[in-house]
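Take a look at the letters that make up each chain.
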Amino acid sequence: MKEFVVDIPLRWGDMDAMAHLNNVIYFRLMEEARIRWFQQLGFPTLPTGEAPILAHVSCDFVRAMTYPGTALVRQIVTRVGRSSVEMSLSIEKEGEPGVTYATGRSVIVWYDYGTGKSMPWPEAVREAIT
């Protein structure tokens, strides 16, 4: 399946009192990668009508990441269902190839914002994803 990688500079304010990235920052890194992926696929930033929506996200913290640096978020589509797409994620740090700081999983659903219900992926979107 397709892989999408994005580099995101870390900010000094991303650290917590323990001098490493606050746990919520890992979710924000995954969110930024997801939104950039949506933009690459041509989805609107503020969806109306039909568009993707996040149904699930999880993160396993492998090791503490510290500032300064640039996070590399790797997202791989692992399954395309009728109305959902599952992705695995990993977060590394630029200049440290193969060192994983966090792993995650997300599920995106094609959603009708008018009815509040999931729908099958449109064929053109399915083709773009796979």
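Here the structure is shown first, and the text comes after it.
Cut-offs applied
Residues numbered from 1 in each chain as written. Predicted model: local features only at pLDDT ≥ 70, side-chain atom pairs only at ≥ 80, totals over all residues. Heavy atoms only, no water. Phe/Tyr/Trp six-rings, centres within 6.5 Å; stacked < 30°, edge-to-face > 60°. Helix = DSSP H or I, 4+ residues; strand = E, 2+ residues; numbered from the N terminus. Buried < 20%, exposed > 50% of the residue type's maximum accessible area, 1.4 Å probe, protein only. Patch = residues over 30% accessible without salt bridge, like charges linked within 9 Å, V, L, I, M, F, W, Y side chains within 5 Å. Areas by Shrake-Rupley, 256 points an atom, 1.4 Å probe, with all protein chains shown as cover. Salt bridge = Lys/Arg side-chain N within 4 Å of Asp/Glu carboxyl O.

J.: Talk me through the packing of aromatic side chains; I want residue IDs and the actual numbers.
T.: The final tally for this structure, using the stated rule, is 7 aromatic pairs. An angle of 55° between the planes, with centres 5.5 Å apart, marks the rings of Phe 43 and Trp 110 as tilted. Placement of the pair is Phe 43 in the loop between α1 (23-40) and β2 (50-61) and Trp 110 in strand β5 (residues 100-112), with a sequence separation of 67 residues. Assigned by exposure class, Phe 43 and Trp 110 land together as buried. Geometrically, the ring pair formed by Trp 110 and Trp 121 is tilted, given 5.3 Å between the ring centres and 45° between the ring planes. Of the two residues, Trp 110 sits in strand β5 while Trp 121 sits in the loop between β6 (117-118) and α2 (123-129), which places them 11 residues apart along the sequence.

J.: Could you give me a rundown of a nonpolar patch on the surface, with the residues and numbers involved?
T.: A contiguous nonpolar patch, built from Val 24, Phe 27, Leu 54, Val 57 and Phe 61 and spanning about 360 Å² of accessible area, is present on the exposed surface. At 3 residues, the largest contribution of residues to the nonpolar patch is made by β2. With respect to the helices and strands, Phe 27 occurs in helix α1. For Phe 27, a relative accessible area of 31% translates into the label partly exposed.

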